[in-house]
Amino acid sequence: MLNKKDLLGIKELSVEEIDLILDTAAGFKDVLRRDIKKVPTLRGKTAVNLFFEPSTRTRTSFELAAKRLSTDVINFSVPTSSVVKGESLIDTALTVQALGADFIIIRHSSSGVPHLLAKKLRASVINAGDGTNEHPTQALLDAFTIREKKRKIEGLDIAIVGDIIHSRVAKSNIYSLTKLRARVRLIGPPTLIPKEMEGIGVGVFHNMEDGLKNVDVVMMLRIQMERQGRGFFPSTEEYFKNWGLTPERLSLAKDDVIVMHPGPMNRGVEIASEIADGPKSVILEQVTNGLAVRMAVMYLLAGVKR
Amino acid sequence: MRILIEKGHIIDPSQGIDGIGDVLIEDGKIKEVRAKSKEQGAESKKQKPHKSNSELRTIDAKRMFVIPGLIDMHVHLREPGFEYKETIKTGTAAAIRGGFTTVCCMPNTYPINDNASVTEFIIRKAAQEGLCTVLPIGAITKGQKGEELAEIGTMRNEGCVAFSDDGQPVMNSLIMRRVLEYSKAFDVPIISHCEDLTLSEGGVMNEGLLSVTLGLRGIPAEAEEIMVFRDIMLAGLTGGRLHIGHVSTEGSVKLIRDAKRRGVNVTAETCPHYFSLTEDALRDYDTNAKVNPPLRTKRDIEAIKEGLKDGTIDVIATDHAPHHRDEKLREFDLAPLGISGLETALPLSLRLVDEGVLTMNQLVEKMSFNPARILGISSKGSLKQGSDAGVTILDTKKEVRVEAEKFVSKGKNTPFDGWVLKGMVVITISKGRICEWQ
Amino acid sequence: MPKELFDRKGIDRALTRMAHEIIEKNKGTERLCLIGIQRGGVHLAKRLASKIGEIEKKDIPVGLLDIAFYRDDLNIRKEQTVVRRTEVPFEVTDLKIVLVDDVLFTGRSIRAAMDALMDLGRPAAIQLAVLIDRGHRELPIKADYVGKNIPTSLTENIEVQLEEEGLGDRVILESPSNPPLLPPQAKGD
């Protein structure tokens, strides 16, 4: 049972809690396969998407997940700049809560914001990505997808490739996959992989060919264009030459490898189009599974009597 | 008015006193101290206080320590410009609550204390409203921009006792060299906030596994150490008086120890939080533990304690940095840096005595005698006859629970809220006034 | 001691009779299917289907239905209801559906199950088969096929144990004074 008010990160979850979320998500995936893709489970509840950072994908996914559960959704998008000038974060959140929100789904460019809100709010806080800390529902949907495709997670060799240091997706995935006993390796230029990562039980490769050998899963991360020229790597061209996922490189992985990407993709920067659209890609299934996982999270958080 | 403090355990490193005795204060000056001194091994001349017509107030200091008023050479009083965070009045009130009778305020006010008129304002305001002595620290460069020298001589004449661009370190090595050279003419210490801003850019906590785990930008220890090294080299080059502010890393301690061995004119301070807390205090994104330089690791704490013990670090200062609660109650990245430290510094430092890191005598050195020596204010930090009667009386056995909301300071930003600490200031005598607490 | 109300033979006889009643009432097995409610009804639905299949020499489709999403007590339970799979591998529209559950009590599970079924399609008819009817209905719901009517008090608990769950077939009645044989499970109602 998930005895928590909030979903702040994978760090805060036990293996049993992760398993429960994934099992519950399987039930919701059944719903998504039907003609009537909506259940009355959380009728009368209200969810607010409080997004301080633009994100169409995650916001839409949470929005639809809430609607599928018969929860009312409000999108409250706040450009960070105006918040800096005006209303404080806490005031904004309290206002949203006063509107009757049962769930506050928060995306913020500053790490730890969900933790701050969770302490100040009665509502369930769901972290939809905070700074470079965590993006727990992405990691849960990734784990769900891997489990669905590979029937297990334990013992798999999983490569996470790209901008690890700035990626909350990578962080959450590292926590969840190591908790679920996969063997995780990180691949990317040394400027994008914190040296401390080697100390937490994951492998680190700076050479793409070495890193991809015999892996079961390749998780690509989005390369943030604004990183080039800031000393992390010289150019996207050089990046793709060294760490881009090409068919030749992918052939070094296991035959039944699956390729994942949290989106949005930079085709030709971190991933070749042939792969993104190819048979090994499960990128669009990730999107569908995201709905099921987010429904499961809301269902489980709502089910705790407080 | 005369004050007689009786039967306290007097510790005065300036005279080598460490024993039971009496202190007589007359008209705001130390008139007489009678106690067993370590060197003399016997009680000094015993005689009744002179008969005098003025009123005599007697304080029973049995089982208490009587020490020269503490001197904090690194505080932010926020006035002028940021009175919502702290004022000279509230800051000095917090100081005497913490046992300090002298504080040196950093120049990062608004306007910045980079010219004599601001210095004059602070001194005048402190004379009117201050509950303890306030000695301003002037900016090294105009606007703390690190470009043009401020009028150090003029500010010195107006009352500044040291100079620093605290918080906005001078990145240009040539300017820093000139400062260390020029200030020699006035024999004032230059307090350096050592941080390579190009390396620490955007950082909000110590760099390491925890910063990665929390997703917070890290500041490597090297950002401090590179500048400690640079400034030591420049002090060696120029012979200027360098004082390294708030030392937080093992590497800095080593660099300073080595520099002192080589005879470089350098002194150093650390703050209670750097020997009391590790970066772990940030695990729950507690903005009250967000401070610059950042809280480091266990290893750094051990090195700082070692540095305090062997004299590498001369001074314990607070870097008292009060902020409004709304400012701390926000995104970790955006919350301002600093800890409101005046009211917890002494009990936190007393833990070092409990742990055997320092003797009581060394503690008083680091919190009173040494700051006075470094700042060149011979009338303070001592109970010698004729010194200013700043006296602190404390009960080191008494346990007190830290309650941020009850701080006298406007800044309630402390990571020590709820801690139970031993050692309470019972009486602070400052500017001829007796402030007493239960 | 908990009281045993039904043993293996008793359960089997009741199911056999119910199978015959289902065939009789529906005049055969044309467009008939059985759907067991997770989790007490699942095994019973499979047993009933195989009995009907034997009698009529025909395969009867069986589905599993989880009603967690349709419950009306999500807000008042102390723990989350475990979500199980719904597996109805056939189109329910225009079928005659026999819902199967182990114990009929307040009727709320059946209400949830009917709502869940309606979201899967538009069945021609829904009937209800239960092994035990213990009374205390809170909704206007009545079973079409009942293995055994057992009047109970509200403080008592009926426990249906089945071989498929590794417990051996039996139905027991637990009164509050009697310690339960097994840790109490979340029952259907």
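Asks: Can you help me understand helix H7 (residues 168-179) of chain A in this one?
Replies: Given 3.6 residues per helical turn, the α-helix brings residues three or four places apart onto the same face. All names here are of chain A. An ideal rise of 1.5 Å per residue puts 16 Å on 12 residues; H7 measures up with 17 Å between its terminal C-alpha atoms. Within H7, 10 of the 12 residues are buried, which leaves it mostly tucked inside the rest of the structure. All of the buried residues along H7 are Arg168, Val169, Ala170, Lys171, Ser172, Asn173, Ile174, Tyr175, Ser176 and Leu177. Two or three places before valine 169, at the opening of H7, serine 167 has a side-chain oxygen 3.3 Å from that residue's backbone nitrogen. Of the residues flanking the end of H7, it is arginine 181, one or two places downstream, whose phi is positive at about 65°.

Asks: What is the right way to read empty space enclosed by the protein from this model?
Replies: Vacant regions in the atomic arrangement are exposed by a probe of water-molecule size rolled over the atoms. Residues and elements named next belong to chain B. Tallied over the entire structure, the rule returns six cavities of 30 Å³ or more. Volume-wise, the largest cavity comes out at about 60 Å³. Around the largest cavity, the lining residues are Ile140, Ser164, Asp165, Asp166, Pro169, Val170, Met176, Ile191, Ser192, His193, Arg230 and Asp231. Those elements that provide at least two residues to the lining of the largest cavity are strand S10 (190-192) and helix H7 (221-238).

Asks: When you look at the interface of chain C and chain A in this model, what are you seeing that I'm missing?
Replies: As a measure of interface size, the accessible area lost when the parts come together is often cited. Counting from both sides, the interface comprises 18 residues of chain C and, opposite them, 22 residues of chain A. For the pair chain C and chain A, the two sides together bury roughly 1800 Å², of which 55% comes from carbon and sulfur. Linking chain C with chain A are two salt bridges. Asp30(A) is the salt-bridge partner of Arg85(C), the closest N and O atoms lying 2.9 Å from each other. Between chain C and chain A we count five residue pairs in polar contact (both at pLDDT 80 or more) in total. Residue composition of the side of chain C that touches chain A, by class: eight nonpolar, four polar and six charged.

Asks: Help me understand the sheet that holds strand S9 (residues 258-260) of chain A, please; the structure alone is not making it clear to me.
Replies: Paired through their backbone hydrogen bonds, the strands of a sheet run either parallel or antiparallel. Residue and element names in this part refer to chain A. Across the sheet, five strands lie side by side as S7-S6-S5-S8-S9; this open sheet has parallel pairing. Edge strands, defined here as strands with exactly one partner in the open sheet, are strand S7 (203-205) and S9. Strand-to-strand twist in this sheet, taken as the mean axis angle between neighbours without regard to direction, amounts to 20°. Where strand S5 (residues 157-161) and strand S6 (residues 183-187) come together, five bridges link them in parallel fashion. The partner of isoleucine 158 across the bridge, within S6, is valine 184. The strands touched by helix H6 (residues 136-150) within the sheet are S5, strand S8 (217-220) and S9, with S9 carrying the most contacts at an inclination of about 165°.

Asks: Which parts of the structure should I look at to understand the domain arrangement of chain B?
Replies: All names here are of chain B. Taken as a whole, chain B is organised into domain 1 (2-66 + 387-402 + 417-436) and domain 2 (69-375). Just the C-alpha atoms count here: the centres of domain 1 and domain 2 sit 28 Å apart. Taken residue by residue, the interface counts 23 residues in domain 1 and 28 residues in domain 2. Counting each side, the surface lost to burial between domain 1 and domain 2 is near 1900 Å², with a carbon and sulfur contribution of 68%. Three residues, Pro13, Trp419 and Lys431, lead the burial of domain 1 against domain 2; their summed loss comes to 26% of the area buried on that side. At the junction of domain 1 with domain 2, the criterion picks out one salt bridge. A salt bridge links lysine 422 to aspartate 354; the nearest nitrogen and oxygen atoms lie 3.6 Å apart. At the junction of domain 1 with domain 2, the criterion picks out seven residue pairs in polar contact (both at pLDDT 80 or more). Only strand S16 (391-401), strand S17 (420-430) and strand S18 (433-436) provide two or more residues apiece to the side of domain 1 that touches domain 2.

Asks: What am I meant to see in the interface of chain B and chain A here?
Replies: With 17 residues of chain B in contact, the opposing surface of chain A contributes 26 residues. With both sides pooled, the region where chain B packs onto chain A buries about 1600 Å², and carbon together with sulfur makes up 57% of that total. Among the residues chain B hides against chain A, the three largest losses belong to Val212(B), Tyr285(B) and Glu331(B). Together they make up 33% of the total. Seen at the junction of chain B and chain A, the total is two salt bridges. Note that Glu207(B) is salt-bridged to Lys195(A), the shortest N-O span being 3.6 Å. Summed over the shared surface of chain B and chain A, the result is nine residue pairs in polar contact (both at pLDDT 80 or more).

Rules of the game
Residue numbers run consecutively from 1 along every chain, following the written order of its sequence. All chains are assigned letters beginning at A, and all ligands numbers beginning at 1, according to the order in which they are written. Whole-chain, interface and lining totals are the exception, using all residues; otherwise, since this is a predicted model, local features are given only for residues with pLDDT of at least 70 and side-chain atom pairs are given and counted only at 80 or more. To obtain the side-chain values, all non-hydrogen atoms of the structure were included, while hydrogens and water were left out. Secondary structure elements are taken from DSSP: a helix is a run of H or I of four residues or more, a strand is a run of E of two residues or more, and numbering for both begins at the N terminus. Helix span is expected to be 1.5 Å times the residue number reduced by one. The rule is simple: take the accessible area with a 1.4 Å probe, protein chains only, and divide by the maximum for that residue type; under 20% is buried, over 50% is exposed, in between is partly exposed. Whenever two N or O atoms come within 3.5 Å, that pair is a polar contact, provided that in protein one can donate a hydrogen and the other can accept it, and provided that, for residues adjacent in sequence, both atoms are side-chain atoms. The rule is simple: put a 1 Å grid over the protein atoms alone, call a set of points where a 1.4 Å probe fits but cannot get out a cavity, call an open set with protein on both sides within 12 Å along at least five of seven lines a pocket, and count a residue as lining if it has an atom within 4 Å of a point. Grid points are joined across faces, edges and corners, and a volume is the space filled by probe spheres set on the points. Contacts between residues were defined by any pair of non-hydrogen atoms, one from each residue, lying within 4.5 Å. As a working definition, buried area equals the accessible area (1.4 Å probe) given up by two parts on being put together, with both sides summed. Every case where a carboxyl oxygen of Asp or Glu lies within 4 Å of a side-chain nitrogen of Lys or Arg is listed as a salt bridge. Charged means Asp, Glu, Lys or Arg here, nonpolar means Ala, Val, Leu, Ile, Met, Phe, Trp, Tyr, Cys or Pro, and polar covers whatever is left, Gly included. Strand pairing requires that DSSP identify at least two bridges connecting the strands. Axes, fitted as lines to C-alpha atoms, cover a helix only where it is in contact. Angles between the N-to-C directions of the axes lie from 0 to 180 degrees. Start and end points for every domain follow an automatic or database-based domain assignment.

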